[in-house]
Amino acid sequence: DKITFPSPPSSYSLTSHPELFFVPSRNKSSTHPGVPCMLYAVRQGAPVLLVHAHSNGCDIGDMRQTLQSISESLKVHVMSFEFPGYGLHLGNANMRAIDDAAAAVLNYISNELKINLSQVVWYGRSIGSGPALRAVHRITQELKQKPGGVVLQCGFANFPEVAGHLFGRLAKRLVSRLWPNEAMLKELNCPVLLIHGRNDTMIPINQSEKLWEAVAQKDLSHFHTCDCGHNDFNFRRCTLRPIYDFLLGVISSQGFPATNFQIDLEASCRALVRHIGPLRTRIPVYSFRRPELEDWLLRIGAQGDGQKASNLDKSPRTNEEQVKREDTNATKGAMEGRELKSPPSGLQSPPPSKRGRSKSKADAEVVAPDYTLLPPLEEVDKALCTAEGMVRACAARVSHFLQRLQRQLARIEGLEHKAVDEIVDFVEAEFWGSDPLLCLWEEVSLPTGEHVRYRLGPFSIDHQGHRSFQPDFHGSSQFLRVPLWIFAPSQAHFRCLAEWSLIHCERLRQLPSQHEGTGGCSGCCCVPGGFRKKSHKKKGKPGHPTMGALSTSLAAHFAHWVEKTDEIKTMFERFAQLYNDPDEALRKSAAMDPLASLKTLPGDTTPLSEKEDSLCPPNTLAGLPESKAEEPKANPPGKFSAACRQWLLNGLGNPPQPFVEMATRLRFPAQPSVVETERQEGQALPNPSDSRQTAEYVSQPGQTAMAERFSAWSTAGFMLHYDRLLEATQEDPLRPELRHSGIAMSKAIKAFASADLRARREQHSLVVRQRLENLGKDEGLPEPADIQASEVVKGAAPTSVTPAMPTSHVEGL
């Protein structure tokens, strides 16, 4: 069984795939999560459910892209189930255990989902043809029902013959017989599709030829062959098309139910937090590690060390041991004839083990430095304008965010029984509430908007020229935070952060665990555990990253992207200039627009007075106290905001609504008729500081669509509401009203990111076209429409405002 079912390391975890759910197992303990399955459902409904049994060299996570493509292309429901010993399925892999898992899935489909079995087609690939045929055979012989059909790709008729073909006659005699596919197929009377490659050296095509001879109902059955091997199928031509033709014939046949059905899973079947207990040793390591990113991180650290070493003669030696260590590292790197791969000053890598010292230098593992060990930089130029400074600033903020998450998780009532997806949504909301990376915000004071400041990460400056540095800044209910530019991680990042936080939660370490003899953590990407703990240590298998390593990895991913994005890098440099010398930066901003001095910027005088009727909505002044006029300041909030936006956002994205509109609405709330009109136009929060209106919208999030042009204002209002709910009480941070507020906030931020991305693309296209037109005028080239932009202008258009890393860059995703 160990040779037949090698049980590779899990490619998925509790949080990595939102399609994951568990089917209750028969005769299992109460702590057993059940059979892991993944469902790719068609929301509008579909006429067929395709149930997939994978081959012996992968798990259901590996098949995600293939099965999702089948579901989306053919408009059918697709479900896959896990073999015991594979992925997150506890137990040992053998024929009986796999048949029990398939039977549990069959029982769930029939009795819980109430799906007509004649609309269920079973799909087995390679070794998975056995359990697929067994399930169809059980439907026919035991349940006395008619199955929808069966698809066998690279299937076998007689397993000992396959073993003899691969390993010789002795193996044919010794191997277990497994599933008698040929004999079972003879007893079936349902449509069958056989797919096999003529060049298959693993399972010869004569195995499918024997199966075809055993097919009874050949009028609706097909035998598709192609010039390919066992694992090199052309997906569209040799998999998708044959399945489409087969299902079309099955659906069109007489007697097939002519109704579509939807699949809605119960919440109790979803991945739950309590599943971490028994599955802890099987959950693979997820981190933001990438080889090229780690090399870049070490390279910028080495550059920083080189600059410090060059200045040693100019500065006194305050720490002899530190200088000696740096000199030794530099000399050692030069002697090895390669670039220096030592951590920056003040950082220490874990000491090598005694066993590791006997290895050659080429084989020694290089450990990326932990930047959370260093204090945050308070010099804005170093923190925002250098790669190492950005990593250092973000790593400290991400570390504070992870610590806050641990405190919040400890306060959640009934955490063990929460769905994992709820925790993922909670982590995403906490991420935006904490702002752990370097995003640009305009913060407007409450309740009347008399104060405005600009914040980028830990640095902020207001219209009066006051600067502040807050390395662990979190949201406050005293300010509206309006997004001007954000870095939006992918959903895979939030799922990774959620899983890391749950695994390291002290409260969840008390959950009962499942002890297994075999089939435990069997792969190089799993957490060492159980009886294999010592052997994994000897082999140097990685565990889950520490808080510092995870913080540094996410910070490095962000800084690396900024380094490659010129417009964002320029924005950071301009903010540093604004922070150091606001008057000079604002003068440069005015110079960028020669007509700025001729324009009348609303909001020059603050607070607004009753005389400024043009700024006040009609019929809103009655009953309000008179505002006392103040002496105009050097930089009134309105002018400061307009100048800063001109200076920082020139050529970057879609500018949100101006400050004066926000300040006006804060002082003079809109009337109910105006609110209703704006709601119909897609304005979620006409009065973003109004707690009652925000609570009403949050309680019914699907009632009104959110327009992208109002997304910045909506984001500010939802953030304010979220901060108010957190500050109001120390109750459960995952209570319904707070959870709904967090979901609405995340939705608004995604809308803002989408609008910003579209604006950046349009702006980039406009710049390219202008360059082509100018080039055509100067050199007499053809019309711009006949020229490919890539041939003239280097660099591609911005593809994502999220700058999100592909999921393949997150280990296991």
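Coordinates for the structure precede this section.
This structure is a prediction, so every number in the text was calculated from the model and none was measured.

(A) Layout of the side chain of Ser 589. Inspection of the secondary structure assignment puts Ser 589 in helix H20 (residues 582-592). Separated by 2.8 Å, the side chain of Ser 589 and the backbone oxygen of Ala 643 make a polar contact. Non-local contacts of Ser 589, meaning those with residues more than four positions away in its chain, are made with Ala 643, Gln 646 and Trp 647.

(B) Region of the structure containing the sheet that holds strand E4 (residues 77-81). Read from one edge to the other, the open sheet built from 8 strands follows the order E1-E2-E4-E3-E5-E6-E7-E8, with strand pairing classed as mixed. Because the sheet does not close on itself, it has two edges, and the strands there are strand E1 (20-23) and strand E8 (222-226). With strand direction ignored, the average angle separating the axes of adjacent strands in the sheet is 20 degrees. In terms of strand pairing, strand E2 (residues 35-40) meets E4 through 4 bridges, oriented antiparallel. Paired with Leu 39 across the bridge in E4 is Met 79.

(C) The arrangement of the packing of helix H14 (residues 387-411) against helix H15 (residues 420-434) in detail. In the contact formed by H14 and H15, the axes pass within 10 Å of each other and the chain directions differ by 135 degrees. It follows from the interaxial angle that H14 and H15 lie oblique. In terms of crossing hand, the pair formed by H14 and H15 is right-handed. For the pair H14 and H15, contact is made by Arg 397, Phe 401, Arg 404, Leu 405, Gln 408 and Leu 409 and by Ile 423, Phe 426, Val 427, Glu 430, Phe 431, Gly 433 and Ser 434, respectively. Tallied by class, residues from the contact of H14 with H15 come to 7 nonpolar, 3 polar and 3 charged.

(D) Fine view of the side chain of Arg 392. The residue Arg 392 is located in helix H14 in this model. One buried charged side chain, Arg 392, makes no salt bridge at all; its nearest oppositely charged neighbour is Glu 388, positioned 5.7 Å away. Side-chain polar atoms of Arg 392 contact the backbone oxygen of Pro 375, separated by 2.8 Å. Aside from chain neighbours lying at most four places away, what touches Arg 392 is Tyr 371, Leu 374, Pro 375 and Leu 377.

(E) Quick peek at unusual backbone geometry. In the segment running from Leu 446 into Pro 447, the intervening peptide bond is cis, with an omega of 10 degrees. Turning to its location among the elements, Pro 447 is positioned in the loop between strand E9 (440-445) and strand E10 (452-456). Backbone geometry places Ser 126, a non-glycine residue, at a positive phi of 60 degrees. Assessed through its relative accessible area of 6%, Ser 126 is described here as buried. The backbone of Cys 154 shows a phi angle near 55 degrees, a positive value even though the residue is not glycine. Within the secondary structure, Cys 154 is located in the loop between strand E6 (149-153) and helix H4 (159-167). Its relative accessible area of 0% is what places Cys 154 among the buried residues.

(F) Quick peek at helix H2 (residues 95-112). When the terminal C-alpha atoms of H2 are compared, their 25 Å separation across 18 residues agrees well with the 26 Å that a helix rising 1.5 Å per residue should span. Ala 97, Ile 98, Asp 99, Ala 101, Ala 102, Ala 103, Ala 104, Val 105, Leu 106, Tyr 108 and Ile 109 are the residues of H2 that are buried. Against the buried residues of H2 lie E1, E2, strand E3 (49-53), E4, strand E5 (120-125) and helix H3 (129-141). Sitting at the amino-terminal end of H2 is Asn 94, which places a side-chain oxygen 3.3 Å from the backbone nitrogen of Arg 96. Note on H2: the residue one or two positions beyond its end, Lys 114, has a positive phi of about 55 degrees.

Rules and cut-offs
- Residues numbered from 1 in each chain as written.
- Predicted model: local features only at pLDDT ≥ 70, side-chain atom pairs only at ≥ 80, totals over all residues.
- Heavy atoms only, no water.
- Helix = DSSP H or I, 4+ residues; strand = E, 2+ residues; numbered from the N terminus.
- Polar contact = N/O pair within 3.5 Å; in protein donor to acceptor, adjacent residues only side chain to side chain.
- Contact = heavy atoms within 4.5 Å.
- Pairing = 2+ DSSP bridges.
- Axes fitted to C-alpha atoms, helices over the stretch in contact; angles between N-to-C directions.
- Parallel < 35°, antiparallel > 145°, perpendicular 65-115°, else oblique.
- Left-handed = near helix turned anticlockwise from the far one by under 90°.
- Nonpolar A, V, L, I, M, F, W, Y, C, P; charged D, E, K, R; others polar.
- Buried < 20%, exposed > 50% of the residue type's maximum accessible area, 1.4 Å probe, protein only.
- Lys, Arg positive; Asp, Glu negative; His and termini not counted.
- Salt bridge = Lys/Arg side-chain N within 4 Å of Asp/Glu carboxyl O.
- Expected span 1.5 Å × (residues − 1).

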